[in-house]
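# Observations on the three-dimensional arrangement
Residues per chain, in single letters:
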Amino acid sequence: MKIDFNTAADILKSCGSAYILTHQSPDGDCIGSGTALYYILRGMGKKARVLCSDEIPKKFDFMRREYTDEEFEPEIIIAADVADAKLLGRYNEIYGDKVDLCIDHHISNTGYAKNTLVCPDASAACEVVYELMKVMGIAADEKLAKCIYTGIATDTGCFRYENTTARAHEIAAELKKTVKVNFAKINREMFDVKSRGRLKMEAFAVDRIEYYLEGKCTLLAVTSKMREEMEVTPAELDGIEGIPLQVEGAEVGITIKQRDETSYKISMRSANDVNVSDICAMLGGGGHVKAAGCLLHGTLDEVKEQIVDAVKKGIEVCTTE
């Protein structure tokens, strides 16, 4: 059931404890929104814990310095920035059908939670959490500001992507005015600093970008073997999805990351008018118009064939509209 901000606020105020679920392959927005909700609940004297199926990259540690895990049985389950229960990874089987409140901004949200506060026009889940804070009368302190800003900045590509709303800029300005946080330092950590292995991987990968559909579709595949040879962890690959779309003439950029022997995480980005959310929906996934993803199974060649086929259909739909 879709709910408004007041109802979501009432759910948070009335619960005594909560687990906060974030999606697998965590990014700045899911960690930012999930951790912000943790601080909000803890600030109200409630128990809270953030759960993620995958390891949280160390670069997000600055948001979690005041975070502590504790064992308890939760009264409610919350999902932050999770459009589909399948994205919960190993926690899907345990909590996928038990989510009481989902706070999200994906237009493709499947409505799996009992209560869903979804704002498709928001640039990030952290933007939704910030508006919820306003409704609840909670002012942003330093730790909350770090979470909210990081989520918005990472999901908008440091305010460069088309999904960047006027409100995203306003929130950043409000935080800048009221809280002493070094946003320049956050931007450097999120967008500029890379491990040596990551830089080596980028140089290696750029030479292996594949071109389809007369160059309109560019594809970068990162296999487990490549990661092992470069000594790069999956967490170090965060943000690599933007590389294929940097190629001149590319309309759709695809990154394939191997998860295990037969499964591959697909990230898709659109340069202009192609709706990659619709394309990923054909493949069992979803997301935003300009950025979406899915999980596919099979051999790498089979996965590439499925993707290029779907992208071809998506481009054809775009050109005929």
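So, a few notes on the structure that sits alongside this text. Just so it is clear, the structure is predicted and the values come from calculations on it, not from any experiment.

Our focus in this paragraph is the overall build of the protein. When you go through the protein residue by residue, the secondary structure sums to 11 helices and 11 strands. Whereas a compact globule of 321 residues would reach a radius of gyration of roughly 20 Å, the protein reaches 19 Å, a difference of no more than 12%. Taking the principal axes of its C-alpha atoms as reference, the protein extends roughly 55 × 40 × 40 Å. Relative to its 321 residues, the protein shows a buried fraction of 54%. Within the protein, contacts between residues at least 6 apart in sequence are counted, and of these 65% link residues at least 24 apart. Carbon and sulfur atoms make up 48% of the accessible area of the protein, which totals about 15,000 Å². Side chains of the protein give 40 positive and 52 negative charges; the mean places of these two sets differ by 5 Å.

Within this structure, the stated rule accounts for 7 aromatic pairs. An aromatic cluster of at least three residues, connected via ring pairs, comprises Tyr19, Phe72, Tyr91 and Tyr95. For lysine 143, the ring lying beneath its charged end belongs to tyrosine 39, and the centroid distance is 5.6 Å. Just above the ring of phenylalanine 204 sits the side chain of arginine 208; from NZ or CZ to the centre is 3.5 Å.

Counting 57 residues, the largest nonpolar core has Ile20, Leu37, Ile78 and Ile148 as the members making the most contacts within it. Broken down by element, the residue count for this core peaks at 8 residues, all from helix H2 (residues 28-43). Non-local contacts of isoleucine 20, meaning those with residues more than four positions away in its chain, are made with Gly34, Leu37, Tyr38, Leu41, Ala48, Arg49, Val50, Leu51, Ile78 and Ala80. The next biggest cluster of nonpolar side chains, apart from the first, holds 23 residues, and it includes Cys217, Met268, Ala292 and Val303.

Glancing now at the sheet that holds strand S11 (residues 291-297). Strand order in the open sheet formed by 6 strands is S6-S7-S8-S9-S11-S10, and the pairing between neighbours is mixed. Two strands close off the open sheet at either side, each with one partner strand: strand S6 (210-212) and strand S10 (286-287). Judged from the 2 bridges that link them, S10 and S11 form a sheet pairing that is antiparallel. Along S11, the bridge assignment pairs glycine 286 with glycine 293.

In this section: the sheet that holds strand S2 (residues 47-52). Spatial strand order, S2-S1-S3-S4-S5: 5 strands in an open sheet with parallel pairing. The open sheet has two edge strands, S2 and strand S5 (115-118), and neither has a second partner. The average angle at which neighbouring strand axes cross in this sheet is 20°, direction not considered. Sheet analysis places strand S1 (residues 17-22) next to strand S3 (residues 76-80), joined by 4 bridges and oriented parallel. From the neighbouring strand, alanine 18 faces S3, where its bridge partner is isoleucine 76.

All right, on to the packing of helix H5 (residues 142-155) against helix H7 (residues 183-192) then. Put simply, H5 and H7 touch, their axes get as near as 11 Å, and they point 45° apart. On the basis of the axis angle, H5 is oblique to H7. At the point where H5 passes H7, the crossing takes the right-handed sense. Residues Ala145, Lys146, Tyr149, Thr150, Ala153 and Thr154 of H5 form the contact with H7, whose participating residues are Phe183, Ile186, Asn187, Met190 and Phe191. Considering only residue class, the contact of H5 with H7 consists of 7 nonpolar, 3 polar and 1 charged.

With 13 residues, helix H6 (residues 166-178) extends 19 Å between its outermost C-alpha atoms, agreeing within 8% with the 18 Å of an ideal straight helix rising 1.5 Å per residue. Buried residues of H6: Ala168, Ile171, Ala172 and Leu175, and no others. Taken down its axis, H6 places every buried residue within 100° of arc, on the same side. Turned more than 90 degrees from where H6 packs its buried face, Ala166, Lys177 and Thr178 sit exposed.

What follows concerns the packing of H2 against helix H4 (residues 125-136). It is the contact of H2 with H4, at a shortest axis distance of 8 Å, that shows an interaxial angle of 20°. Comparing their axes, H4 and H2 come out roughly parallel. Taken as a pair, H2 and H4 cross one another with a handedness that is left-handed. Packed against H2, whose contacting residues are Asp29, Gly32, Ser33, Ala36, Leu37 and Ile40, the element H4 presents Ala125, Cys126, Val129, Met133 and Met136 at the interface. Broken down by class, the residue content of the contact of H2 with H4 amounts to 8 nonpolar, 2 polar and 1 charged.

What follows deals with the pairing of strand S7 (residues 217-222). For S7, a buried count of 6 out of 6 residues is recorded, marking the element as mostly surrounded by other parts of the structure. Residues Cys217, Leu219 and Ala221 of S7 are buried on one face, and the alternating residues Thr218, Leu220 and Val222, pointing to the opposite face, are buried as well. In textbook terms, the turn of a hairpin is the stretch between consecutive antiparallel strands, and for S6 and S7 this stretch comprises 4 residues, one of which, leucine 213, has a positive phi near 50°. Of the pairings in the sheet, the one linking S7 to strand S8 (residues 252-258) comprises 6 bridges and is parallel in character. In the strand pairing of S8, cysteine 217 is matched with valine 252.

What counts, and at which threshold
- Residue positions within a chain follow its written sequence, with the count starting from 1.
- For a predicted model such as this one, the threshold for reporting local features is a pLDDT of at least 70, and the threshold for listing and counting side-chain atom pairs is 80 or more; totals across whole chains, interfaces and linings nevertheless cover every residue.
- Processing note: side-chain calculations cover all non-hydrogen atoms of the structure and skip hydrogens and water entirely.
- Only runs of H or I of at least four residues qualify as helices and only runs of E of at least two qualify as strands under DSSP, and these elements are numbered from the N terminus.
- Within these notes, the globule rule equals 2.2 Å times the number of residues to the 0.38 power, and the radius of gyration is based on C-alpha atoms.
- Each residue is assigned to one of three classes by its accessible area relative to the maximum for its type, calculated with a 1.4 Å probe on protein chains only: buried under 20%, partly exposed between the two thresholds, exposed over 50%.
- The contact criterion used is simple: two residues touch if any of their non-hydrogen atoms lie within 4.5 Å.
- All accessibility values rest on the Shrake-Rupley procedure with a 1.4 Å probe; residue burial counts only the protein chains present in the view.
- Lys and Arg are tallied as positive, Asp and Glu as negative. Neither His nor the chain termini are counted.
- Note on charges: their place is set at NZ of Lys, CZ of Arg, CG of Asp or CD of Glu.
- Pairs were defined over the aromatic rings of Phe, Tyr and Trp, the Trp ring being its six-membered one, requiring ring centres within 6.5 Å. Orientation was assigned from the angle between planes: stacked under 30 degrees, edge-to-face over 60, tilted for the rest.
- The criterion for a charge sitting over a ring is simple: Lys NZ or Arg CZ within 6 Å of the ring centre, and within 35 degrees of the ring normal.
- Nonpolar cores are built from buried Ala, Val, Leu, Ile, Met, Phe, Trp, Tyr and Cys residues. Side-chain atoms within 4.5 Å join them into one set.
- Criterion used throughout: strands pair if DSSP finds at least two bridges between them.
- Orientation is described by axes fitted as lines to C-alpha atoms, over the contacting stretch for helices, and by angles from 0 to 180 degrees between their N-to-C directions.
- Comment on the angle field: the value is read as roughly parallel under 35 degrees, roughly antiparallel over 145, roughly perpendicular from 65 to 115, and oblique elsewhere.
- In this scheme, a crossing is called left-handed if the near helix is turned counterclockwise away from the far one by less than a right angle; it is called right-handed if the turn is clockwise.
- Charged residues are taken to be Asp, Glu, Lys and Arg, nonpolar residues to be Ala, Val, Leu, Ile, Met, Phe, Trp, Tyr, Cys and Pro, and polar residues to be all remaining types, Gly included.
- To estimate the expected span of a helix, subtract one from its residue number and multiply by 1.5 Å.
- This arc corresponds to the set of directions leading from the helix axis out to the C-beta atoms.

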